[in-house]
Amino acid sequence: METKDVILELRAKNGLSQDELAEKVYVTRQAVSRWENGETVPNTDGKFVYKSLDELTDFLVGHMSNEKWPPDQARAYFEEQLPKLKRWKKKKKID
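Given the structure is predicted, the values throughout are model-derived calculations rather than measurements.

Attention shifts here to helix α2 (residues 18-25). Buried within α2 are the following residues: Q18, L21 and A22. One face of α2 carries all of its buried residues, which in axial projection span an arc of 100°. Close packing links the buried residues of α2 with α1 (3-13) and α3 (29-37). Phi turns positive, to about 60°, at Y26, one or two residues after α2.

Considering the arrangement of structural elements, one finds Q18 in helix α2. Of the polar contacts made by the side chain of Q18, one reaches the side chain of R29; its length is 3.3 Å. Here the side chain of Q18 touches E36 through a polar contact of 2.8 Å, side chain to side chain. Apart from residues no more than four positions distant in its own chain, Q18 is found in contact with R11, R29, V32, S33 and E36.

For the coordinates displayed, the defined rule picks out four aromatic pairs. Seen from their ring centres, Y50 and F59 are 5.3 Å apart, and the 35° between their planes marks the pair as tilted. The class for F59 is partly exposed, based on a relative accessible area of 33%. Ring centres of Y77 and F78 lie 5.8 Å apart, and the angle between their planes is 75°; this geometry places the pair in the edge-to-face category. Classification of F78 by relative accessible area gives buried; the value is 2%. Linked through ring pairs, W69, Y77 and F78 together constitute an aromatic cluster.

Here the focus is the packing of α2 against α3. The description of two helices packed together rests on the angle between their axes and the distance between the axes. Look at α2 against α3: their axes get within 8 Å of each other, and the N-to-C directions meet at 105°. In terms of orientation, α2 lies roughly perpendicular with respect to α3. Listed contacts from α3 to Q18, D19, L21, A22 and V25 of α2 are R29, V32, S33, W35 and E36. Of the residues assigned to the contact of α2 with α3, the class counts are five nonpolar, two polar and three charged.

Enumeration over the complete set of coordinates arrives at three salt bridges. Residue R11 is joined to E36 by a salt bridge in which the shortest nitrogen-to-oxygen separation is 2.5 Å. A residue pair is termed long-range when its members are at least 10 positions apart, and R11 in helix α1 and E36 in helix α3 qualify at 25 residues. Using a relative accessible area of 14% as the deciding quantity, one classes R11 as buried.

Cut-off values and rules
- Residues numbered from 1 in each chain as written.
- Predicted model: local features only at pLDDT ≥ 70, side-chain atom pairs only at ≥ 80, totals over all residues.
- Heavy atoms only, no water.
- Buried < 20%, exposed > 50% of the residue type's maximum accessible area, 1.4 Å probe, protein only.
- Helix = DSSP H or I, 4+ residues; strand = E, 2+ residues; numbered from the N terminus.
- Arc of directions from axis to C-beta.
- Contact = heavy atoms within 4.5 Å.
- Polar contact = N/O pair within 3.5 Å; in protein donor to acceptor, adjacent residues only side chain to side chain.
- Phe/Tyr/Trp six-rings, centres within 6.5 Å; stacked < 30°, edge-to-face > 60°.
- Axes fitted to C-alpha atoms, helices over the stretch in contact; angles between N-to-C directions.
- Parallel < 35°, antiparallel > 145°, perpendicular 65-115°, else oblique.
- Nonpolar A, V, L, I, M, F, W, Y, C, P; charged D, E, K, R; others polar.
- Salt bridge = Lys/Arg side-chain N within 4 Å of Asp/Glu carboxyl O.

In structure tokens:
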């Protein structure tokens, strides 16, 4: 799943407008639009802020859950989707 698809899906699932998401993550609406169109990706300056998948999941649940998307549902979603991202894919051991 591409970054643009993840962002759009999460925003839509939470019933947020691009303006509302932009406000929550401290960027412009235009930045969110460019992310969702695949023109750019969120800038991480090449550094990963979260050292573990659990740490990232906890952060996202705390910031993305709401009345329409309770914490238990948000956690289940992130625990299913995040491991699919390149950063968190488990490397298979070769015997």
